[in-house]
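# A structural walkthrough
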Amino acid sequence: YINEEYFAYIRSAFHSKWDVTLISADIGENIIPALLENNAKDLLTNLLDIILDYKVLENNTISEYVSLVDGYWLNEALQQNKISICKLCGEKTAHIALDKIKQIIHEDDSQFNTIWIPTIEDHSQTNFPDRYECQIVYLARDCYQICKASDISENISELIFEEHSIFKRLALHIINYHYNELSSIFWNWANNPLEVPLIKHELYELFRNNCKFFNPEQIEQIIMWIEEKDYYIPDEYKEDNLMTAKIKAYRKKEWLYALLGADNEKVKLLFDKYNTVNPEELEHPGFDVWFGGVTDLESPIEEKALLSKNTSEIIEYLDDLDEESLGLPAHFISGALRKCVSKNPGKFTDSIDSYLKVKRIYQYELLSGFSEALRSEREIDWKAIFIFINGVLNLDYFWEETFPERSYNYRNLIISQIADLINDGTRDDQHAFDITLLSETEKILFLLLEKSESNYHEINDTVTSVLNSNRGKIFAAFVNYSLRNAQLNKKDNEYKWIDSIKFEFTKRLDKSIEPSVDFSVIVGEFLPNLYYLDKEWVISNLNKIFPKDNIEYWEPAFTGYLFYSKNVYTHLYKLLAENGHYEKGVLINFKDDHATDRIAQHICVAYLEGWEKIEDLDSLINKLLNSNNKKHLSAVINFFWRQREKVTEKVKTRIKPVWKELYNRLKNEEENEDYFKLISDTYSFLALVDKIDKDVFEWLQLSASHIKSNYNSLSFVNLLLKHVEQTPEEVTDLYLEVLESGFYPQYKEEQILELISKIYQKNITDKAIKICNLYLNDGFEFIRPILDEIKSSKGNA
């Protein structure tokens, strides 16, 4: 009976605005297994074409291709059924997957690259194997591995000549897997495959796994390819015969290493020959890129060569590097310097003043390397680094330098890195700088504050943007430095703040002096820390920190506070509430939804703690529950739903007044479609009460009548099951209310059958039969066995 209209419906469902979790789960758990069980090959391929489809998420200039269905359930469906699918549908499944790949590559040929898919086989280097692009490639791979080689020979012959590397890589992997049957496809390759970009790993694995089957002529052919390959030599070494010979020897012995299993004398002799020229140990043979960095093949700066030089040689070496002649981005060239500094910071701090002569990009990488060393728990010479920082910042030209449009502003990057270093050096006792450098730190911070300009630009949200801005990092460093100073000086009095910094922060509360939002966000973010440093300063300046009459600054400041205040502190909550800031937060629409959620969370915590009384009509909890902002109401429901994991007596005693207030608020919106889902969501409070009493039953009736608007109500039946023993009549009537509203829960079938059985066992037989008949009238046959059982028992009785 299933025809194309059914598939059109499913496709439409996945392209709709509604949540697709339930249908995704059902397809993976029920539909695919049923089609497999019935050998419904055509129906399954039609369904696969839908569920393997994709959508595009635009993130600034980057396009991310993701699964059209829920990613978790696609992964689950493939994990559970992939082998059976491939056995039943064979190469047709691979064709569907490859068609999706071709469509995406037609739109964006940068997809399916070696960064996200470093290997076709399962490998620890693949950091995110659950990504859509990995899943789709793995499906094609697994199907071709399961298929008979004779059935796919023509397909693999075509794949290997496709332009994009992902097809060649897939073809090489399958030839490797079915080598005995498909080897002729590889040996008919007309040109030198070693010259083809981005296929190295799969080609290397084919050699390594099958070289024992190669005949002498084939070994000679590969040796010729190895000898004739045009290996990359950095420009600086092209006139250096010794270095050129070493680079070539390393690369040639890497390829020969893959052939050692052939036990061929010529291969062994050549490997020994090149190993004598360059005895350096092979690192990750078969990979040009390894997790944590690019190997020496692609980088014009070789780390070991760099570390072998003295300081003057390194300076000369860096000065001679030219990104234009190398044809590589400057930051790509300089990355090896950062890694060298990270691994051996002492080598670079011994004569660090020499690096005041190098280009800004290398100064930036030098500082970045020290940060990486610190995060890798390596010791660094803070005194030497501070000397270098002062040397850079006190050069007039540093502040006057201009940077071409669309190029990196290395002054800003250096300022940002200095602030990062100071932040890192004040947070961790183990690697923090010494107390003797505190005054020096203060001078650097004030110099940065005086001379740096705001480079704030919107990224995703205000808080993230500030955290990536120079001035945001500088202001954060001021606070972290102050906290470090207070800790080291062990001040026990309430006043712990350094006068000079306190004066600077006080001055900048005037928006005509500090017009950037960076300062507002940071002061809001660090409010608990500032309260620790100087309680009286926070109290007396609270309404300047959060200027209620100036939304341009109030919102970023309060967003910063909410964003980082996971804990709700009694003193700060009451201080902010008394000054009307939480009330203002309830009244406005924050640009950042996270702030909306957090303000509701704070007020709900205050309610649970007894700081807010629902009986008080002017309380914040009442204002929140009667808000016209649906996001506030949704945040309240979500907050209490999260309490279900550990339902305390405090929650149990306080949930009903909230539920009652929400009920009174929402029943006035019963005809307003915009509120249907919210009304339905309140059913989740059932997880927080011990009994469905008269009030709870009335409130649940409102939820039940709108449950069809909730496409994520998977827990509804389970919640009713927990109450059916104690209040079976109420549970039965609520379930009938749901069915009569036009919504038929289907997940999970075993729970539905258990619920009906328990209703029948409580002698509510007629209503149990009515529930079954409603299901059957709507075409749900899974209910028939329980109906037959009830009728049979009733007849026997």
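Before any of the text, the structure's been laid out above.
Summary of the structure given here. Everything numeric in this text was worked out from a predicted model, so none of it was measured.

The rules behind the values
- Residues numbered from 1 in each chain as written.
- Predicted model: local features only at pLDDT ≥ 70, side-chain atom pairs only at ≥ 80, totals over all residues.
- Heavy atoms only, no water.
- Helix = DSSP H or I, 4+ residues; strand = E, 2+ residues; numbered from the N terminus.
- Buried < 20%, exposed > 50% of the residue type's maximum accessible area, 1.4 Å probe, protein only.
- Contact = heavy atoms within 4.5 Å.
- Areas by Shrake-Rupley, 256 points an atom, 1.4 Å probe, with all protein chains shown as cover.
- Lys, Arg positive; Asp, Glu negative; His and termini not counted.
- Charge placed at Lys NZ, Arg CZ, Asp CG, Glu CD.
- Salt bridge = Lys/Arg side-chain N within 4 Å of Asp/Glu carboxyl O.
- Polar contact = N/O pair within 3.5 Å; in protein donor to acceptor, adjacent residues only side chain to side chain.
- Phe/Tyr/Trp six-rings, centres within 6.5 Å; stacked < 30°, edge-to-face > 60°.
- Expected span 1.5 Å × (residues − 1).
- Arc of directions from axis to C-beta.
- Axes fitted to C-alpha atoms, helices over the stretch in contact; angles between N-to-C directions.
- Parallel < 35°, antiparallel > 145°, perpendicular 65-115°, else oblique.
- Left-handed = near helix turned anticlockwise from the far one by under 90°.
- Nonpolar A, V, L, I, M, F, W, Y, C, P; charged D, E, K, R; others polar.
- Disulfide = S-S within 2.5 Å.

Our focus in this paragraph is the overall build of the protein chain. Scanning the protein chain from terminus to terminus reveals 43 helices and 4 strands. Expressed along its principal axes, the backbone C-alpha trace of the protein chain runs to roughly 100 × 80 × 40 Å. Considering the protein chain as a whole, with its 797 residues, one finds that 54% of them fall into the buried category. A separation of at least 24 residues holds for 71% of the contacts in the protein chain among residues at least 6 apart in sequence. As displayed, the protein chain has an accessible area near 38,000 Å², and 47% of this comes from carbon and sulfur atoms. Side chains of the protein chain carry 89 positive and 132 negative charges; the gap between the two charge centres is 4 Å.

With that settled, consider the side chain of Lys253. With respect to the helices and strands, the residue Lys253 is situated in helix α12 (residues 241-257). For the buried residue Lys253, which engages in no salt bridge, the nearest side chain bearing the opposite charge is Glu280, 7.2 Å off. For Lys253, the side chain forms a polar contact with the side chain of Asn275, separated by 2.6 Å.

Moving on, we come to the side chain of Asp142. Within the secondary structure, Asp142 is located in helix α6 (residues 132-146). Within the structure, Asp142 has its side chain in polar contact with the side chain of Arg141 (distance 2.8 Å). Asp142 has contacts with Lys82 and Cys86, leaving out every residue within four places of it along the chain.

On to the environment of Ile175. With respect to the element layout, Ile175 can be found in helix α8 (residues 165-177). For Ile175, a relative accessible area of 0% translates into the label buried. The spatial distance from the C-alpha of Ile175 to the C-alpha of Phe519 is 60 Å, given a sequence separation of 344 residues.

The next thing to look at is the packing of aromatic side chains. The final tally for this structure, using the stated rule, is 45 aromatic pairs. Aromatic side chains Phe207 and Phe214 sit 6.3 Å apart centroid to centroid with 90 degrees between the ring planes, which places their arrangement in the edge-to-face category. Pair check on accessibility: Phe207 and Phe214 agree, each one buried. Between Tyr775 and Phe782 the ring centres are 5.7 Å apart and the planes differ by 70 degrees, which places this aromatic pair in the edge-to-face class.

The next point concerns helix α5 (residues 91-107). For an α-helix, 3.6 residues make a turn, and residues three or four places apart therefore share a direction. Given a rise of 1.5 Å per residue, 17 residues ought to cover 24 Å, and the 24 Å separating the end C-alpha atoms of α5 matches this to within 8%. Where α5 is concerned, the buried positions are Thr93, Ala94, Ile96, Ala97, Leu98, Lys100, Ile101, Ile104 and Ile105.

Here we come to helix α26 (residues 499-508). Residues Ile501, Glu504, Phe505 and Arg508 constitute the buried set of α26. The buried residues of α26 occupy an angular sector of 95 degrees when projected down its axis, which confines them to one face. Along α26, exposed side chains directed more than 90 degrees from the buried face belong to Asp499 and Phe503. Those residues of α26 that are buried are in contact with α23 (438-451), α25 (470-489), α27 (517-525) and α29 (535-545).

Turning our eyes to something else, we now look at the packing of helix α39 (residues 716-723) against helix α40 (residues 728-740). Contact geometry for α39 and α40: axes closest at 9 Å, N-to-C directions at 160 degrees. Taken together, the axes of α39 and α40 are roughly antiparallel relative to one another. Of the two possible hands of crossing, α39 and α40 adopt the one that is left-handed. Along the contact surface, α39 presents Phe716, Val717, Leu720 and His723, while α40 presents Pro728, Val731, Leu734, Tyr735 and Val738. In the contact of α39 with α40, the residues fall into 8 nonpolar, 1 polar and no charged.

Before going further, it helps to spend a moment on the state of the cysteines. A complete count under the given rule lists 1 disulfide for this structure. Two residues, Cys86 and Cys143, share a disulfide whose sulfurs are 2.5 Å apart. Note on the Cys86 and Cys143 pair: the S-S dihedral is about -70 degrees, so by sign convention the disulfide is left-handed. Separated by 57 residues along the polypeptide, Cys86 in helix α4 (residues 71-89) and Cys143 in helix α6 bring together distant segments of the chain. With no disulfide of its own, Cys134 has Cys143 as its nearest cysteine by sulfur position, at a separation of 16 Å. Assessed through its relative accessible area of 0%, Cys134 is described here as buried.

Without other data, these values stay purely geometric and don't point to any function.
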